[in-house]
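Single-letter residue listing:
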Amino acid sequence: MSRTLAEAEPPPDPSTEPPPGDDHAFFGQPRGLLTLSGLEVWERFSFLGMQAILVLYFADSVANDGMGMDSGTAASVSAAYGTLVYLVSVAGGWLADRILGSYRAVLWGGILIACGHYSMAVPTATMTWAGLGLISAGTGLLKPNVASMVGKLYRTDDDRRDAGFALYYMAINVGAFAGPLITGWLGDHKGWHWGFSAAAIGMTFGLVQYVWGRRHLAGRKASAEFALPRDAMRRAAFLIVVGIVTVAAVGGLLAGVGWLTMDRFVDLLTLISVIAPAVYFAVMFRSPRVTAEERGRLKPYIVLFLASVVFNFILFQAYSTMILLASTNAETSVFGFTFPASWYASALGAFEVALAPVVAAVWAKMGHGQPHASNKIAFGVILGGLSFLLMVLPTSGHSDDTYKMAVWWIVGSYLLLGLGDILVETSGMSATTKLAPKAFASQTMSLWFLSLALANGIQAQTVKLYGEVSNPAYFGVNGAIAVAAGVVVILLAPWLRRTMHPVH
């Protein structure tokens, strides 16, 4: 009888199962974490290296090979690009779940990102916009699914999970540190498109090592976990192609007749960033494939979602208003060494590289005694708010805008922001992989990235005030709102602990 049962139940496919609990090959973590972290090192190198110079490229004069936008518009368009990147992540999660599978979704996403950066290396405005579109599509495929693949390396009750996400975040911030250094120097000394070329080469390296290390990944099977039937898959592929062509044609037509201006496009993206998460939550709450228990865990997730929106609204301005402030009102030399203003963005990555292993070690040592995930996120939001409140001091009390603040003010702001980012993103992504309804695994990760889209969508409107109101008022009001939001999450902690099981 037992032999018959054994023959009737084949062993689990190792490509879909988490690795054994004794896999401690990468700093005590599963060796697949090294492969995924390596991919994200180069993806962040390319993405944030490009983003560190993008707002400066938009704001630079046409004579200097820039786009000639004013500061507020440059920051708004840069934020709108970020909005589009994370909006597309919804489609990326769905494609992985229903058609491509996580491994292939990440692979094709990386290829599109690399092609986008190579396009931006061509010094024409048309290729710049085409490149940004390709990067948006590729990042939407890659980001939600690579994070989900990290979650698949651990069983739900594995205490290494939060520490693993912290190491993952430390590793990808090596790229966040190195990217602006390389692209910033090239953009400042050789031209903006040279900086975009470096981002393209970095993404290519990431793809090579991802394919090389694929055997260590859980969830690497070719087919999607919840694949559509063959006929439905063909129909979906046809509708996707028709939809893309239709949107491109209508957009081109509206732009050609002068209705779809840049300002209206930014406003449209902001509107979509508000509607999309609301619709997505409604779909998951009403889906018959979501159990009552899973539905109950989605309620506290809304609080985490909104906390992520508030924090990332501050974080993303490290690559827009803060870079613009550094380029006009901060010293760009230290101990006699002069550096590009975009190098300030590397400070954020450097702090996260240095602090992430410390945070990971603390969580690992505390085990089940570590703070609840909601409190970690709340502390991170408060730190983000404090990073902006700090900027009120050096920007106050000046009779004009010709002042120069010391390097350490922006560096100190990025220190607070970096520590907050580690707390919010690692705990948020880890909690997402545990709270996700099984039938929406990759798509719930996409929902976390929709919080980033909404943060960028709000930022795209708010940054228009940069330069219109005083800097102390701008940074002070935004920072105070973030601190208040973090305090609210702390006050909700008792309810969150009760409703977020199995998140500790």
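The text that follows walks through the structure, step by step, so that each part is easy to find. If you're wondering where the values come from, they're calculated on a predicted model, not measured in any experiment. (Residues numbered from 1 in each chain as written. Predicted model: local features only at pLDDT ≥ 70, side-chain atom pairs only at ≥ 80, totals over all residues. Heavy atoms only, no water.)

1. Some remarks on helix H10 (residues 262–286)
What sets the pattern is the α-helix's 3.6 residues per turn: residues three or four places apart point alike.
Then comes step 1: Spanning 25 residues, H10 covers 36 Å between terminal C-alpha atoms, matching the ideal 36 Å at 1.5 Å per step.
Then comes step 2: For H10, every residue scored as buried is listed here: Val266, Leu269, Thr270, Ser273, Pro277, Tyr280, Phe281 and Met284. (Helix = DSSP H or I, 4+ residues; strand = E, 2+ residues; numbered from the N terminus. Expected span 1.5 Å × (residues − 1). Buried < 20%, exposed > 50% of the residue type's maximum accessible area, 1.4 Å probe, protein only.)

2. Re helix H2 (residues 32–59)
Then comes step 1: In this model H2 runs 41 Å from its N-terminal to its C-terminal C-alpha over 28 residues, within 8% of the 40 Å that 1.5 Å per residue would give.
Then comes step 2: At Ile53, H2 shows its maximal bend, which comes to roughly 30°.
Then comes step 3: In terms of burial, H2 is a largely internal element, 25 of the 28 residues being buried. (Bend = angle between axes of the 7 residues up to and from the residue.)

3. Structural notes on the pattern of salt bridges
Then comes step 1: If you walk through the whole model with that rule in mind, you get four salt bridges.
Then comes step 2: For Glu40, the salt bridge is made with Lys143, and the minimal N-O distance between the two is 3.1 Å. One end of the pair, Glu40, is in helix H2; the other, Lys143, is in helix H6 (residues 125–151), with 103 residues separating them in the sequence.
Then comes step 3: Residue Lys143 is classed as buried on the basis of its relative accessible area of 7%.
Then comes step 4: Between Glu43 and Arg44 there is a salt bridge, with its nearest N and O atoms 2.7 Å apart.
Then comes step 5: Overall, Glu43 belongs to the buried group, its relative accessible area being 0%.
Then comes step 6: On the basis of relative accessibility, which here comes to 8%, the residue Arg44 falls in the buried class. (Salt bridge = Lys/Arg side-chain N within 4 Å of Asp/Glu carboxyl O.)

4. A short note on the packing of H2 against helix H12 (residues 321–329)
Then comes step 1: Here H2 crosses H12 at 65°, and the two axes come no closer than 9 Å. Note on packing geometry: the crossing formed by H2 with H12 is right-handed. Facing H2, whose interface residues are Ala52, Val55, Leu56 and Ala59, H12 presents Ile323, Leu324 and Ser327.
Then comes step 2: Split by residue class, the contact of H2 with H12 holds six nonpolar, one polar and no charged. (Axes fitted to C-alpha atoms, helices over the stretch in contact; angles between N-to-C directions. Left-handed = near helix turned anticlockwise from the far one by under 90°. Contact = heavy atoms within 4.5 Å. Nonpolar A, V, L, I, M, F, W, Y, C, P; charged D, E, K, R; others polar.)

5. Notes on the nonpolar core
If you look at soluble globular proteins, the nonpolar side chains tend to sit buried side by side.
Then comes step 1: Membership of the largest hydrophobic core comes to 130 residues, with the highest contact counts inside it found for Met50, Tyr168, Tyr210, Tyr344, Ile410 and Tyr414.
Then comes step 2: Tallying contributions element by element places H2 first for this core, with 13 residues.
Then comes step 3: Excluding its chain neighbours within four sequence positions, the residues that come into contact with Tyr168 are Leu33, Leu36, Ser37, Glu40, Val146, Ala147, Val150 and Met429.
Then comes step 4: Judged by nonpolar contacts, the second largest core, of seven residues, contains Ile99, Ala105, Leu141 and Ala236. (Core = buried A, V, L, I, M, F, W, Y, C linked by side-chain atoms within 4.5 Å.)

6. Some remarks on the packing of aromatic side chains
Then comes step 1: Inspection of the entire model under this criterion finds 17 aromatic pairs.
Then comes step 2: On the basis of an interplanar angle of 75° and a centroid distance of 6.5 Å, the ring pair of Tyr466 and Phe475 is categorised as edge-to-face. Comparing Tyr466 with Phe475 shows no difference in burial state: the two are buried.
Then comes step 3: Residues Tyr474 and Phe475 carry aromatic rings whose centres are separated by 5.4 Å and whose planes lie at 85° to one another, so their mutual orientation is edge-to-face. Phe475 shares its class with Tyr474; the two are buried. (Phe/Tyr/Trp six-rings, centres within 6.5 Å; stacked < 30°, edge-to-face > 60°.)

7. Points about a nonpolar patch on the surface
Then comes step 1: A cluster of nonpolar side chains, namely Trp129, Met262, Phe265, Leu268, Leu271, Ile272, Val274, Ile275, Val279 and Val283, defines an oily patch on the protein surface of about 820 Å² accessible area.
Then comes step 2: Here the nonpolar patch gets nine residues from one element, more than from any other, and that element is H10.
Then comes step 3: Tracing the chain through its elements places Val279 in helix H10.
Then comes step 4: Assessed through its relative accessible area of 45%, Val279 is described here as partly exposed. (Patch = residues over 30% accessible without salt bridge, like charges linked within 9 Å, V, L, I, M, F, W, Y side chains within 5 Å. Areas by Shrake-Rupley, 256 points an atom, 1.4 Å probe, with all protein chains shown as cover.)

8. Observations regarding the side chain of Ser46
Then comes step 1: Tracing the chain through its elements places Ser46 in helix H2.
Then comes step 2: Not counting chain neighbours up to four residues away, the residues in contact with Ser46 comprise Ile113, His117, Ala199 and Met203.

9. Some remarks on the packing of helix H11 (residues 292–315) against helix H14 (residues 373–390)
Then comes step 1: Between H11 and H14, whose axes approach to 9 Å, the crossing angle comes to 25°. As judged from the angle between their axes, H11 and H14 are roughly parallel. H11 and H14 meet at a crossing whose hand is left-handed. Contact residues: H11 offers Leu304, Ala307, Val310, Phe311 and Ile314, while H14 offers Ser374, Ile377, Gly380, Val381, Gly384, Ser387 and Phe388.
Then comes step 2: Split into classes, the residues belonging to the contact of H11 with H14 amount to eight nonpolar, four polar and no charged. (Parallel < 35°, antiparallel > 145°, perpendicular 65-115°, else oblique.)

10. Topic: the side chain of Ser320
Then comes step 1: With respect to the element layout, Ser320 can be found in the loop between H11 and H12.
Then comes step 2: Among the polar contacts made by the side chain of Ser320, one reaches the side chain of Gln459 at a distance of 2.7 Å. (Polar contact = N/O pair within 3.5 Å; in protein donor to acceptor, adjacent residues only side chain to side chain.)

11. A short note on the environment of Ser148
Then comes step 1: Looking at the element boundaries, Ser148 is found in helix H6.
Then comes step 2: Separated by 46 residues in the primary sequence, Ser148 and Ser102 place their C-alpha atoms 8.0 Å from one another.

12. Considerations on the environment of Leu271
Then comes step 1: For Leu271, the position within the fold is in helix H10.
Then comes step 2: Placed 186 residues apart in sequence, Leu271 and Gly457 show a C-alpha to C-alpha distance of 7.6 Å.

Honestly, it's all geometry; don't read function into it.
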